[in-house]
Every structure is written in structure tokens, then in C-alpha cells.
Amino acid sequence: MSEKPENRTGSAESQRDARAFNPRYLQHLGKELYLFDSVFNGITYIHVRELSRENKRPTTNGITLTLQRCNELYSILPDVVIHVDQLRRNEPTFYRRHIGGNWFVVMEMGYDTVNIRKFWLPDNETSIRATRKGVSLTFNQFEELKNGLRILDTFVPELNRVVPCYLSGKHVRDFCKECSPNNTSVA
Ligand SMILES: [Zn+2]
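Residues numbered from 1 in each chain as written. Predicted model: local features only at pLDDT ≥ 70, side-chain atom pairs only at ≥ 80, totals over all residues.

## Details of the sheet that holds strand E5 (residues 94-100)
- With respect to topology, four strands assemble into an open sheet ordered E5-E6-E7-E8, the strand pairing being antiparallel. Each edge of the open sheet carries a strand with a single partner, namely E5 and strand E8 (129-137). If you compare each strand with its neighbour and ignore which way they point, the axes differ by 30° on average.
- Across four bridges, the pairing between strand E6 (residues 103-108) and strand E7 (residues 114-120) is antiparallel. Paired with Phe104 across the bridge in E7 is Arg117.
- On top of the sheet, helix H2 (residues 67-75) reaches E5 and E6; it is set at about 150° to E5, its chief contact.
- Seen against the sheet, helix H3 (residues 77-88) touches E5, E6 and E7 and runs at an angle of roughly 25° to E6. (Pairing = 2+ DSSP bridges. Helix = DSSP H or I, 4+ residues; strand = E, 2+ residues; numbered from the N terminus. Axes fitted to C-alpha atoms, helices over the stretch in contact; angles between N-to-C directions. Contact = placed C-beta atoms within 7 Å.)

Right, dumping it as C-alpha cells:
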């Protein structure tokens with residue numbers, strides 16, 4: 001339309017900011033935590049991540065999910081809801097569901113949180129251990145996340161084009177790092 005003036009003091013910085021963080025979907029989950037999408041090198045990711053209080057920019061606190069793992073998370077929501085209700089009633093509960101790679105959704109009696117967390121299998125051991133990579137959602141934050149995931153594909157339509165790993169060309173029979181990352185039946 002018109003020529004872009006160069007070297008406009010101040011505006012270059014704000015334009016760069018707008019380009020760097022411009023999600024199609026952004027939903028507040030509670031406290032500093034948000035659900036949003038990003039595109040990096042042409043690949044879409046879904047984040048459950050804190051934004052800084054000062055400038056509402058993404059921080060390092062949170063998780064990045066591939067679309068495939070996000071769809072897995074979405075598909076197990078009914079199960080997670082059942083276990084949240086059990087925790088709310090103080091009933092004995094243990095829940096661990098694999099969503100891809102070494103990522104799991106975990107709930108445990110005594111902790112009123114829904115955890116989406118990365119695990120690892122130490123050498124010569126048979127059970128996986130939690131890492132520090134993950135988010136622990138309060139039940140209210142989980143409710144918000146659940147509502148967001150239900151409409152996310154309206155804003156991020158490529159979620160509907162992703163197929164489960166076992167149907168994709170990347171799946172490796174018997175030794176798939178996505179489907180059975182520790183080559184065990186932990187999932
Ligand atoms: Zn696979």
C-alpha cells in the first residue's frame with residue numbers, strides 16, 4: 001500500500017516482538033499459565049507454559065507438545081476427568097498414561113494436580129522416573145486446559161491432519177521411540 005519507512009525508532013522493536021510471539025490461540029489457564037500454539041521452522045507446537053508477568057512473553061517454565069502428543073492428551077481427557085473426580089473425593093487413585101516419547105500424564109493420591117511430565121529410564125533399572133521437565137496443573141487449571149483443547153483445532157486446524165504414530169511413516173515397528181521409548185511396556 002505505502003512504502004515502509006526505515007529506521008523508525010521504537011517501532012522496529014515492537015514489530016519484532018509481534019512477529020516473535022503471535023499465537024493463533026492463547027488461553028489463560030490460571031496464575032501465569034497459558035495454552036498457546038507456536039510455529040517453529042514450519043512445524044506447529046502446542047505449549048502449556050507460563051508467560052512473564054511483566055511483558056506477557058513465553059518463559060522457560062512449561063511444556064512443548066507436538067501435535068501428535070497434544071492429540072493423545074486430548075483423547076485421554078475423559079479418563080483424566082474420572083481420576084480427577086476420584087482425587088476430589090479422596091479415593092485411592094493412581095493414573096499414568098503415555099502420550100508419546102517419554103511423556104506421561106500422571107496423577108497420584110495425595111497430590112491435587114494433573115501432571116504432564118517427561119520421564120526417563122535409568123540404566124539397569126526397570127521403572128521410569130520423573131524428570132523436572134513438566135507442568136503440574138491445579139484442577140481449575142486442568143478444567144481450563146480441557147476447555148481449550150476442545151476448541152483448539154478451530155484455531156490450529158493442522159491438529160486434524162495429524163495421525164497417530166503407529167499410522168505414520170515415522171513409526172518403527174517394535175523399536176519406536178515415540179510409542180515405546182524405553183523399549184518396555186511402561187505405557
Ligand atoms: Zn510409533
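## Observations regarding unusual backbone geometry
- In this structure, Asn90 takes a positive phi of about 60° despite not being glycine.
- Asn90 gets classed as exposed once you count the C-beta atoms within 10 Å, which come to 10.
- Positive phi, normally seen in glycine, also occurs at Asp174, with a value near 75°.
- With respect to the helices and strands, the residue Asp174 is situated in the segment after helix H4 (139-155).
- Of the residues examined, Asp174 has 7 C-beta atoms within 10 Å and is grouped as exposed. (Buried ≥ 20, exposed ≤ 12 C-beta atoms within 10 Å, placed from the backbone.)

Geometric descriptors of this kind do not, in isolation, establish any biological role.
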